[in-house]
Amino acid sequence: ILEDYGIDPDPVFRRVDLDPRLLFEPGARYPLSAISALWLEMGRLIDDPCFGLKTAEHWHPSHFGTIGYAMLASSSVRNGLERLIRYHRVVSDAQFGELIEDKKGNSLHVKLNWDQESPWTPGREDAAVTYILSSCRLNFNKPLNPKRVELTHNQHRCLLRYEKFFNCRVDLNRPSPMLTFSLSDVDKVLRSGDEYLAQFHDRIMEDYVSKLSEIRVI
C-alpha cells in the first residue's frame, strides 16, 4: 500500500522499530504495539483517508499462508470465516472476532472485537474488513456483496468509495466493525471446496498454534 502511494516502506518500518527483513523469516512475529504504530504512521504519511481500501488490490489469501489456503478450500463462505476466526492466531496475536447468526433476519454477522487493543486507526479497520470480504469473494461463484457494513470511525469523505467497493449500505460511527451477509450466500456450497484439503490445513494450524509459545516474538 505504501509503495502504491510512492512511499518507500523500508524507512517507515524502521521508524516504528520494525525490521522489514523479518517479513521473510519463518516463525518471526511482530509485537502488536509496533503494528499499531505502523498503521498510525501510514495514516500520517498517506494523503488519502480511504487508503485501507487499497488492500483489495494487493491482498490474496495466500499471504496468510496455511489459513488462507484452508479458507480457499472451504466448502462454503461460512466455513471459511469459521476457520479465519478459529485459527487467526496463526497470523496475529490480536483479538479478532466472532460469527453471530440471526435466523430471524436471515443473516450472518462477522463482528470484529478489538476492545482490548487500541488504537485501531480508520485505515487499519478498513483494511481488515476489506481483506475479509476480498477473501470471501475470491472463490464465490457469483458476485458476493454483504447486506450491510458497519465501521466505528467517521470517515464520511470515503462513504461513496466504501459503498462502491462493498456494494451495500455502509454505516459509520457504529460500536463495532461488522460485515453482515445473507445466510443463503454464506451457506451456498462452493464448487472450489475441498473439505479433505481444508482439514489437512486445519491439522497443520492446530499443530502450529499448540507450539506458539516457542515462536520468536521480535
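This report concerns the structure included in the present document. What you see is a predicted model, and the numbers here were worked out from it, not measured in a lab. (Residues numbered from 1 in each chain as written. Predicted model: local features only at pLDDT ≥ 70, side-chain atom pairs only at ≥ 80, totals over all residues. Heavy atoms only, no water.)

## Observations concerning the packing of helix α5 (residues 77–86) against helix α9 (residues 195–210)
Between two packed helices, the angle of one axis relative to the other and the distance separating the axes together describe the packing. Test applied: The axes used here are C-alpha line fits, helices contributing only the stretch in contact, and every angle between their N-to-C directions lies in the interval 0 to 180 degrees. Elements are defined by DSSP. Helices are runs of H or I of four residues or more, strands are runs of E of two residues or more, and each kind is numbered from the N terminus. Any angle from 65 to 115 degrees is called roughly perpendicular, while one under 35 is roughly parallel, one over 145 is roughly antiparallel, and all others are oblique. It only takes one pair of heavy atoms within 4.5 Å for two residues to be counted as in contact. Any residue that is not Ala, Val, Leu, Ile, Met, Phe, Trp, Tyr, Cys, Pro, Asp, Glu, Lys or Arg is counted as polar, Gly included; the first ten are nonpolar and the last four charged.
Between α5 and α9, whose axes approach to 12 Å, the crossing angle comes to 5 degrees. Put simply, α5 runs roughly parallel to α9. Contacts from N79, R83 and R86 in α5 reach E195, A198, Q199 and D202 in α9. Residue composition of the contact of α5 with α9, by class: one nonpolar, two polar and four charged.

## Let's talk about the nonpolar core
Under the convention used in this document: Residues belong to one nonpolar core when they are buried, are Ala, Val, Leu, Ile, Met, Phe, Trp, Tyr or Cys, and are joined through side-chain atoms within 4.5 Å. Burial classification: accessible surface area is computed with a 1.4 Å probe over protein chains only, and a residue below 20% of its type maximum counts as buried, one above 50% as exposed, and the rest as partly exposed.
One finds L81, L112, I132, Y162, F166, L179 and F181 to be the most contacted residues of the largest nonpolar core, which totals 41 residues. Of all the secondary structure elements, the ones that give two or more residues to this core are α4 (66–72), α5, β2 (107–112), α6 (122–138), α7 (159–166), β5 (178–182) and α8 (183–186). Considering each element in turn, this core owes the most residues, six residues, to α6. Once residues within four sequence positions are removed from consideration, L179 is found in contact with L108, H109, V110, V129, I132, P146, R148, V149 and F166. Judged by nonpolar contacts, the second largest core, of 16 residues, contains A34, I35, W39 and F51.

## Thoughts on a nonpolar patch on the surface
As a reminder, the rule being used: Residues forming no salt bridge and having over 30% relative accessible area are the ones grouped into patches, like charges within 9 Å of each other and nonpolar side chains (Val, Leu, Ile, Met, Phe, Trp, Tyr) within 5 Å. Per-residue and other accessible areas were derived by the Shrake-Rupley procedure at a 1.4 Å probe size, with only the shown protein chains allowed to occlude residues. Definition used for salt bridges: Asp or Glu carboxyl oxygen within 4 Å of a side-chain nitrogen of Lys or Arg.
Taken together, the side chains of L197, F200 and I204 define a hydrophobic patch exposed on the protein surface, amounting to about 240 Å² of accessible area. Among the secondary structure elements, I204 is positioned in helix α9.

## Considerations on the packing of aromatic side chains
Heads up, the condition is: Note on ring pairs: Phe, Tyr and Trp rings are taken, using the six-membered ring of Trp, and paired if centres are within 6.5 Å. Classes follow the plane angle, with under 30 degrees stacked, over 60 edge-to-face and the rest tilted. Put simply, a charge is over a ring when the Lys NZ or the Arg CZ is close to the ring centre, within 6 Å, and near the line of the ring normal, within 35 degrees.
Inspection of every chain in the model, using the stated rule, returns five aromatic pairs. Judged by centre distance (6.2 Å) and plane angle (20 degrees), the ring pair of W39 and F51 falls under stacked. With W39 in helix α2 (residues 32–45) and F51 in the loop between α2 and α3 (55–58), this pair connects stretches of sequence that are 12 residues apart. Judged by relative accessible area, which is 15%, W39 ranks as buried. For the pair F64 and Y131, a centre-to-centre distance of 5.3 Å together with 75 degrees between the ring planes defines the contact as edge-to-face. Residue F64 is found in the loop between α3 and α4, and its partner Y131 is found in helix α6; the two are separated by 67 residues along the sequence. Taking relative accessible area as the criterion, F64 reaches 16% and is therefore assigned buried. A relative accessible area of 13% means that Y131 is categorised as buried. Members of the aromatic cluster, each reached through a chain of ring pairs, are W59, F64 and Y131. A cation over a ring is seen here: K54 above Y5, with NZ or CZ 5.7 Å from the ring centre. Between the NZ or CZ atom of R137 and the centre of the ring of F165, over which it lies, the distance is 5.0 Å.

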